[in-house]
Amino acid sequence: MTTAAHHVGLTVTHLTKSYAGTEVVHDLSFTVRPGRITGFLGPNGSGKSTTMKMLLDLAAADHGTATVRDARYRDLSHPAGTVGVVLEPNAFHPGRSGRNHLRVLALAAGVPSARVDEVLDTVGLAPRAARRRVGTYSLGMKQRLSLAAALLTDPPVLVLDEPANGLDPQGIRELRDLLRARAERGHTVLVSSHLLTEVQHLVDDVVVISGGRLVTSGTVADLTDSAALVRTPDAPVLAARLADLGARVEHSDAETLVVSGLGLDKIGRAALELGVALHELSPQASSLEDVFFALTGSTTTHEEA
Amino acid sequence: MTSTHLIRSQLLNLATTRMPVAFGAVIVLLATVNGVAVVVGTDMDGSKTFISSGADQQSLVAFAANALMLAALFGATAAAREYAHNTAIATYLITPRRPRALLAQLTAIGAAGAVLGLLGTACTVVAVAATLPFTDYGFLMSATDVLRVLAVAAFAGASGAVLGAALGTLVRNTGGAVSATVVALVIAPPVVVQLVSEAARWVPMALATAASGIPGETGTATSLVGIAAWALLPALLAVWAVQRRDVV
Ligand SMILES: Nc1ncnc2c1ncn2[C@@H]1O[C@H](COP(=O)(O)OP(=O)(O)O)[C@@H](O)[C@H]1O
Ligand SMILES: [Mg+2]
C-alpha cells in the first residue's frame with residue numbers, strides 16, 4: 001500500500017488540549033518532513049503522547065489541527081494503510097498469541113494474512129514465540145510485536161511513541177536500521193522519546209517540547225553546531241562587538257569566548273574589522289544532550305520510563 | 001475496509017482468547033444441572049410434574065433468560081476488555097469513523113451471543129432428552145417447539161450480548177461492566193417492579209421467558225420487540241459516547 005514519496009509528512013498547527021482544566025499541550029506547531037527520521041523529545045508528562053493521540057484522531061484537540069499528508073487522519077482514504085502506529089507499550093490481550101493479535105489487525109485492515117509472518121520476521125519475533133500468549137512476553141518482545149503491527153500495511157508514515165523503551169542495545173540498533181531504511185524510501189518517521197540518549201543516534205530532526213510547549217525544532221546538526229569557540233587576546237573588545245551584533249557571548253576564561261547565535265563567517269569578519277587577532281575560531285559541537293538539558297532542564301539520561 | 005472485513009476481524013478477536021471456552025464450560029455446566037434435575041429432581045409435592053408434559057419440558061429447556069444473562073456478561077467482558085487492554089486503540093486507528101467500528105464490533109458480539117443462546121439451548125435439550133429415559137416420561141416436545149426455543153434463545157443471546165457490549169463500551173472497565181450488567185438485568189428490575197408493578201412483564205428476563213412460549217400476559221412478538229429495545233437503547237448511547245469522547 002506504499003505510495004510514492006509525498007511532499008508533506010505531518011503538520012501540527014496551534015494544537016491545544018486540556019485535561020480537567022489543565023492545559024497539557026499549548027499552542028503547539030511543528031512539521032515533520034518525509035524522508036527523515038524526526039525525534040519527538042521531551043521529559044515525561046510533557047505532552048508527547050497526547051499530541052500523537054490528537055494527530056491520530058484518538059483524542060480531540062481543544063484548538064488547532066493536526067494533519068497527515070495534508071488531511072485529517074479520519075479523512076484519509078485508507079488511514080491504516082497510510083500511518084503505522086505504536087502508541088501504548090502494552091496494547092494486547094495477554095491471553096491472545098502475538099500472531100493472532102496481528103491476524104485480527106490484518107483482517108480489519110484488509111491485509112493478506114501472509115503479511116503477518118513477513119512482519120514477524122522483519123521485527124525478529126521467532127515463529128514459536130509468536131504462537132505464545134502475549135502475557136508471557138518481555139517488554140522488548142512486546143515492543144517488537146507493536147512494531148510488527150505498525151508495519152503490517154507497509155505504511156509510508158510511522159508514528160511511534162517510545163518505541164525504543166524496553167529494547168536492548170541490539171534491538172535499538174535493529175530499530176535504527178529499520179527506520180533508516182524507511183526514511184531512505186521517502187517515508188515519514190516520527191519517534192518520541194523522553195530519553196535523548198536512546199534516540200540521538202537515530203534521528204535527523206528533532207522537535208523538543210516541555211510542559212506542552214514547543215521548545216525548539218530543527219535538524220540535529222543545527223541544534224548541536226550552534227556555538228563557536230573563539231580564542232583571542234582581545235576578548236573583551238570582540239565580545240562587546242559580537243554582543244552588539246546580536247550574539248550571545250560567554251567568557252570561558254580571559255582569552256576564550258563561547259559565541260552562539262552568530263555564524264563563524266560573521267565572527268571572523270567582526271574580528272577583522274576590529275583588527276583583533278584570532279588564535280582560534282572553531283565550531284563548538286555541543287552534544288545534543290547539553291542542548292536538550294539547557295532547553296528543557298531535564299537530563300533525561302538516567303531516569304526510568 | 002469493508003464492513004465484512006471488520007466483522008470478521010472482530011469475530012477472530014473473540015475466538016482467539018479463552019473466553020469462548022469459559023462460556024462454553026458454563027453452558028455445559030448448566031445443561032448438566034438440568035440433566036441431573038430430570039433424573040433426581042421433584043416438584044414440591046414429590047411428583048415429577050415438571051417433566052410430565054411437552055409444555056413442562058419446554059419451560060425446563062427454555063434457555064432464553066439464561067442466554068440473555070450469559071450473553072450479556074459475555075458482551076460486557078468482550079467490549080470492556082478492549083479498553084482494559086488498550087486494543088480499542090488499534091480498532092479505532094483502523095476505522096477512525098468510530099460508529100462504523102463500533103457497529104462491526106456489536107454485530108460480531110451479537111452473533112457470538114446468538115451462538116451462545118443456540119448452544120445453551122441445544123446442550124440443555126440434549127441433556128434433558130438423554131436423561132428422560134431414566135424416568136417414567138419420554139421426550140414430549142415437538143420439533144416445532146424445540147425450534148422455537150432454539151430461535152428465541154438465539155435472539156435473546158444476540159440481544160443480551162449487544163446490551164452487555166454497549167454497557168461495556170460505556171463503562172470501559174471489565175469489573176464495572178460486569179457489575180453494570182448484573183445491576184441492569186438482576187438487581188434493578190425487582191426494585192423497579194416494587195415501585196411500578198406494571199413494569200414486571202417488561203423487564204428483560206421476564207420478556208425472555210415470555211418469548212420462549214411459556215404462557216403469560218406478553219405475546220411472543222411483543223416480547224421479542226421488548227428484548228430488542230433493551231439492547232438497542234444502550235447500543236445507541238454507546239454509539240453516541242464513542243463519537244464524543246476520546247478513545248484514550
Ligand atoms: N487521559 C488523560 N486524562 C488526564 N490527564 C492526562 C491524560 N493523558 C495524559 N494526561 C496528562 O497530560 C500530561 C501529558 O501527558 P503525556 O502526553 O502522556 O506526556 P508524555 O507522553 O510526554 O510523557 C501529563 O501530565 C499527563 O498526566
Ligand atoms: Mg508518553
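That block above? That's the structure.
Keep in mind the model is a prediction, meaning the values are calculated, not measured.

Conventions used here
- Residues numbered from 1 in each chain as written.
- Chains lettered and ligands numbered in written order.
- Predicted model: local features only at pLDDT ≥ 70, side-chain atom pairs only at ≥ 80, totals over all residues.
- Heavy atoms only, no water.
- Near = heavy atom within 4 Å.
- Polar contact = N/O pair within 3.5 Å; in protein donor to acceptor, adjacent residues only side chain to side chain.
- Areas by Shrake-Rupley, 256 points an atom, 1.4 Å probe, with all protein chains shown as cover.
- Nonpolar A, V, L, I, M, F, W, Y, C, P; charged D, E, K, R; others polar.
- Contact = heavy atoms within 4.5 Å.
- Buried area = accessible area lost by both parts, 1.4 Å probe.
- Salt bridge = Lys/Arg side-chain N within 4 Å of Asp/Glu carboxyl O.
- Helix = DSSP H or I, 4+ residues; strand = E, 2+ residues; numbered from the N terminus.
- Core = buried A, V, L, I, M, F, W, Y, C linked by side-chain atoms within 4.5 Å.
- Buried < 20%, exposed > 50% of the residue type's maximum accessible area, 1.4 Å probe, protein only.
- Pairing = 2+ DSSP bridges.
- Axes fitted to C-alpha atoms, helices over the stretch in contact; angles between N-to-C directions.

Draft legend 1. Inspection of the site of ligand 1 at higher detail. Residues and elements named next belong to chain A. Lining the immediate environment of ligand 1, one finds Tyr19, Val24, Pro43, Asn44, Gly45, Ser46, Gly47, Lys48, Ser49 and Thr50. Taking Gly45, its main chain carries an N or O atom lying 2.7 Å from an oxygen atom of ligand 1. In the complex, 60% of the free accessible area of ligand 1, which totals 560 Å², lies under the protein chains. Along the lines of polarity and charge, the residues of the shell around ligand 1 split into three nonpolar, six polar and one charged.

Draft legend 2. Region of the structure containing the interface of chain A and chain B. Facing the 34 residues of chain A at the interface are 25 residues of chain B. Across the chain A to chain B interface the summed buried area is about 2,600 Å²; carbon plus sulfur atoms make up 63%. When the buried surface of chain A facing chain B is broken down by residue, A:Leu58, A:Arg96 and A:Leu107 rank first, second and third, together holding 26% of it. Our enumeration of links across chain A and chain B arrives at two salt bridges. One salt bridge in this structure joins A:Asp75 and B:Arg97, with 3.0 Å as the shortest N-O distance. Scanning the region where chain A abuts chain B turns up 12 residue pairs in polar contact (both at pLDDT 80 or more). For the side of chain A that touches chain B, the secondary structure elements donating two or more residues are β1 (10–19), α2 (79–82) and α3 (98–109) of chain A. Here the side of chain A that touches chain B takes eight residues from α3(A), the largest share from any one element. For the side of chain A that touches chain B, the class distribution of residues is 18 nonpolar, seven polar and nine charged.

Draft legend 3. Spatial organisation of the nonpolar core. Counting 75 residues, the largest nonpolar core has A:Leu56, A:Val83 and B:Tyr92 as its most contacted members. Looking at this core element by element, the count peaks at 12 residues for helix α4 (residues 64–84) of chain B. For B:Tyr92, the contacting residues outside a window of four places in its chain are A:Leu58, B:Tyr83, B:Arg98, B:Ala101, B:Leu102, B:Val242 and B:Val247. Counting residues in hydrophobic clusters, the runner-up holds 50 residues, among them A:Val111, A:Leu151, A:Ala164 and A:Leu175.

Draft legend 4. Up close: the sheet that holds strand β2 (residues 22–32) of chain A. Residue and element names in this part refer to chain A. On the basis of which strands lie adjacent, the open sheet formed by three strands has the order β2-β1-β4 and antiparallel pairing. Edge positions in the open sheet fall to β2 and β4 (63–68), since each of these has one partner strand only. Sheet twist, expressed as the average angle between the axes of neighbouring strands with direction ignored, equals 20°. In the sheet, β1 pairs with β4 via five bridges, with the strands oriented antiparallel. Among the inter-strand pairings, Thr16 is bridged to a residue of β4, identified as His63. Relative to β1, helix α1 (residues 48–55) is tilted by about 115°, and along the sheet it contacts β1, β2 and β4.

Draft legend 5. Layout of the pattern of salt bridges. All names here are of chain A. Across all of its chains, the model carries 14 salt bridges over all chains by this definition. Of the charged contacts in the structure, one is a salt bridge between Arg99 and Asp117, with a shortest N-O distance of 3.0 Å. Here Arg99, found in helix α3, pairs with Asp117, found in helix α4 (residues 114–122); they are 18 residues apart in sequence, far enough to count as distant. The class for Arg99 is buried, based on a relative accessible area of 17%. Asp117 sits in the partly exposed class, given a relative accessible area of 38%. Glu118 is the partner of Arg115 in a salt bridge, and the nearest nitrogen-oxygen pair spans 2.8 Å. With a gap of three residues between them, Arg115 and Glu118 both fall in helix α4, about one helical turn apart.

Draft legend 6. Structural context of the environment of A:Ser18. Residues and elements named next belong to chain A. Inspection of the secondary structure assignment puts Ser18 in strand β1. On the accessibility criterion, Ser18 (25% relative accessible area) is partly exposed. Note: C-alpha distance between Ser18 and Leu58 (40 residues apart in sequence) is 15 Å. Once you skip the residues sitting within four places of it in the chain, Ser18 turns out to touch Glu23, Val24 and Asp62.

Draft legend 7. Up close: the side chain of A:His101. Residue position: A:His101 is located in helix α3. Residue A:His101 is classed as buried on the basis of its relative accessible area, which comes to 7%. Look past the residues within four positions of A:His101 in its chain and what remains in contact with it is A:Ala91, A:Phe92, A:Arg96 and B:Thr87.

Draft legend 8. Fine view of the sheet that holds strand β3 (residues 37–41) of chain A. Residues and elements named next belong to chain A. The six strands are arranged β5-β6-β7-β3-β8-β9 in an open sheet whose pairing can be described as mixed. In this open sheet, the two strands that pair with only one neighbour each are β5 (83–86) and β9 (213–219). In this sheet, adjacent strand axes meet at a mean angle of 15° when their direction is disregarded.

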